[in-house]
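Residue-level structural notes
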Amino acid sequence: MAPIAFRTAVRDALDEELAADERVILFGEDVAVAGGVFATTPGLYEKYGADRVFDTPISELALAGAAFGSAVTGLRPVIEIMFGDFLTLAMDMLVNQATKYRFLTQEQVAVPLVIRSVVGAGGRFGAIHSQMPASWFMGVPGLKIVAPSTPGDAKSLLKAAIRDDNPVLFFEHKRLYGLEGEVDGQVGRLGQAAVVREGNDITIVTAMKSVHDASEAATALEADGISVEVIDLRTLRPIDVETILTSVRKTNRIAVVEEGPATGGWAGEVLACVTEEALGHLDDAWRIATPNTPIPYSPPLEDAFLPGPDRIAAEIRRRLR
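Small disclaimer: the values here were computed from a predicted structure and weren't measured. (Residues numbered from 1 in each chain as written. Predicted model: local features only at pLDDT ≥ 70, side-chain atom pairs only at ≥ 80, totals over all residues. Heavy atoms only, no water.)

Some details on empty space enclosed by the protein
All told, the structure shown has 2 cavities of 30 Å³ or more when counted by the stated rule. Reported here for the largest cavity is a volume of approximately 50 Å³. In terms of lining, the largest cavity is formed by Met132, Thr206, Ala207, Met208, Lys209, Ser210, Val257, Glu258, Glu259 and Trp266. Broken down by class, the residue content of the lining of the largest cavity amounts to 5 nonpolar, 2 polar and 3 charged. If you add up the space inside the second largest cavity, you get close to 30 Å³. Counting residues per element, the ones that place at least two in the lining of the second largest cavity are helix H3 (60-72) and helix H4 (91-104). (1 Å grid on protein atoms, 1.4 Å probe; cavity = no way out; pocket = protein on both sides within 12 Å on 5 of 7 lines; lining within 4 Å. Points joined across faces, edges and corners; volume = space filled by probe spheres on them. Nonpolar A, V, L, I, M, F, W, Y, C, P; charged D, E, K, R; others polar. Helix = DSSP H or I, 4+ residues; strand = E, 2+ residues; numbered from the N terminus.)

See below:
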């Protein structure tokens, strides 16, 4: 199969899912008539009509609200928030409503919505159109975050995201849109990392544009006799910890490359997981926190949810025994 561009892979995934399931709808700013500011949706409006592919006013909160409402009433919306920087404007609907609704209905009502958004720096777009917002959402239970680095993953993981019954953030790095690669058309699996380069001396864990930067660095380091293993996370939430641990147990070293601030980033989550679990020689470091679920209403469940003094003491006793 001839290589295609990343943006074309995104467009093809949308086209195929719109064709396969009449519940799938696509809307956002300039996604219909204009075909997307980054040319990721051309021809879809003409093919599927204004009932299923349509433009909206510039209101990210309204977009997210419409997506949530349509998802819980039986549709499978895909919306585009043009730049990830403006996900802050949709945060209430996404964080406080969409990600908790399945929990609040005891999993009786799914919330199958996808938010596509362009992220990343290097395109000279400035401080307010170049951010990497993944860390803003890493601590939100019920949310999945997808971050592909290749056209093949862009297509397969977008198809998987649209078919998922949970809210999914799908990040598209603006500097990858012109990247070409082979695409097999299969539906991907969320939460599964890929070892894109094998090595023995150090593991580099990264995602999106940084996968290509890390691979280029690994080639340069090979000339110095340093063998680098590169892992493409592909999904930032959930993180495929097992693939990382398998690699680190082999190399005994890890570097995490994240495009984004060091404080509070997903790189810290990766390193924390490795610190807690990788080598397994001593119970010297671990986290005591709340589970990855929304906060329950029931008083006994809420008490059990919190890391109170009894739980802290019990964890310490168990680990040090």
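So, the pairing of strand S11 (residues 228-232)
In terms of burial, S11 is a largely internal element, 5 of the 5 residues being buried. Bridge count for strand S9 (residues 194-197) against S11 is 3 bridges, and the pairing is antiparallel. Counterpart to alanine 194 in the pairing with S11 is aspartate 232. Sheet analysis places strand S10 (residues 202-206) next to S11, joined by 5 bridges and oriented parallel. Directly across from threonine 206, in S11, lies its bridge partner aspartate 232. (Buried < 20%, exposed > 50% of the residue type's maximum accessible area, 1.4 Å probe, protein only. Pairing = 2+ DSSP bridges.)

Points about the sheet that holds S9
As summarised here, the arrangement of the 4 strands in space is S9-S11-S10-S13, forming an open sheet in which the pairing is mixed. Among the strands making up the open sheet, the edge pair consists of S9 and strand S13 (254-256). Direction aside, neighbouring strands of the sheet carry axes that sit 30 degrees apart on average. Bridge count for S10 against S13 is 3 bridges, and the pairing is parallel. The residue bridging valine 205 from the neighbouring strand is valine 256, located in S13. Lying over the sheet, helix H9 (residues 266-277) contacts S10 and S13, oriented at roughly 160 degrees with respect to S13. (Axes fitted to C-alpha atoms, helices over the stretch in contact; angles between N-to-C directions. Contact = heavy atoms within 4.5 Å.)

Observations regarding the nonpolar core
Soluble, globular proteins show a tendency: their nonpolar side chains are buried together. Core analysis: the biggest nonpolar cluster contains 47 residues, and Leu169, Leu233, Leu236, Ile244 and Trp266 have the highest contact counts within it. Judged by nonpolar contacts, the second largest core, of 33 residues, contains Ile4, Phe6, Leu158 and Val183. (Core = buried A, V, L, I, M, F, W, Y, C linked by side-chain atoms within 4.5 Å.)

Considering the sheet that holds strand S2 (residues 24-28)
One open sheet holds the 7 strands; their spatial order is S3-S2-S4-S5-S7-S6-S12, and the pairing between them is mixed. The sheet is open, and its two edges are formed by strand S3 (53-55) and strand S12 (235-237), each paired on a single side. Direction aside, neighbouring strands of the sheet carry axes that sit 20 degrees apart on average. Both strand S4 (residues 76-83) and strand S5 (residues 114-119) contribute to a ladder of 5 bridges, which runs parallel.

A look at the pairing of S10
With respect to burial, S10 is a largely interior element, 4 of its 5 residues being buried. Following the chain from S10 across helix H7 (residues 209-222) to the adjacent parallel S11, one finds a crossover that is right-handed. (Right-handed = clockwise from strand over helix to strand, strands pointing away.)

With respect to the side chain of lysine 155
Topologically, lysine 155 is positioned in helix H6 (residues 151-163). When residues no more than four places from it in sequence are discounted, the contact partners of lysine 155 are Ala9, Asp12, Ala13, Glu16, Val183 and Gly185.

Overview of a nonpolar patch on the surface
Where nonpolar side chains cluster on the molecular surface, the patch consists of Ile312, Ile316 and Leu320 and spans about 270 Å² of accessible area. Since its relative accessible area comes to 64%, leucine 320 is described here as exposed. (Patch = residues over 30% accessible without salt bridge, like charges linked within 9 Å, V, L, I, M, F, W, Y side chains within 5 Å. Areas by Shrake-Rupley, 256 points an atom, 1.4 Å probe, with all protein chains shown as cover. Salt bridge = Lys/Arg side-chain N within 4 Å of Asp/Glu carboxyl O.)

Structural notes on the packing of aromatic side chains
The final tally for this structure, using the stated rule, is 7 aromatic pairs. Their ring planes at 55 degrees and their centres at 5.8 Å tell us that phenylalanine 83 and phenylalanine 125 sit as a pair that is tilted. Residue phenylalanine 83 is found in strand S4, and its partner phenylalanine 125 is found in the loop between S5 and helix H5 (134-137); the two are separated by 42 residues along the sequence. Here phenylalanine 83 falls in the buried class, since its relative accessible area comes to 9%. Ring-pair connections join several aromatic residues into one group, and the members of that group are Phe6, Phe38, Phe83, Phe125 and Tyr177. Here the guanidinium or amino end of lysine 174 rests over the ring plane of phenylalanine 125, the centre of that ring lying 5.2 Å away. (Phe/Tyr/Trp six-rings, centres within 6.5 Å; stacked < 30°, edge-to-face > 60°. Lys NZ or Arg CZ within 6 Å of the ring centre and 35° of its normal.)

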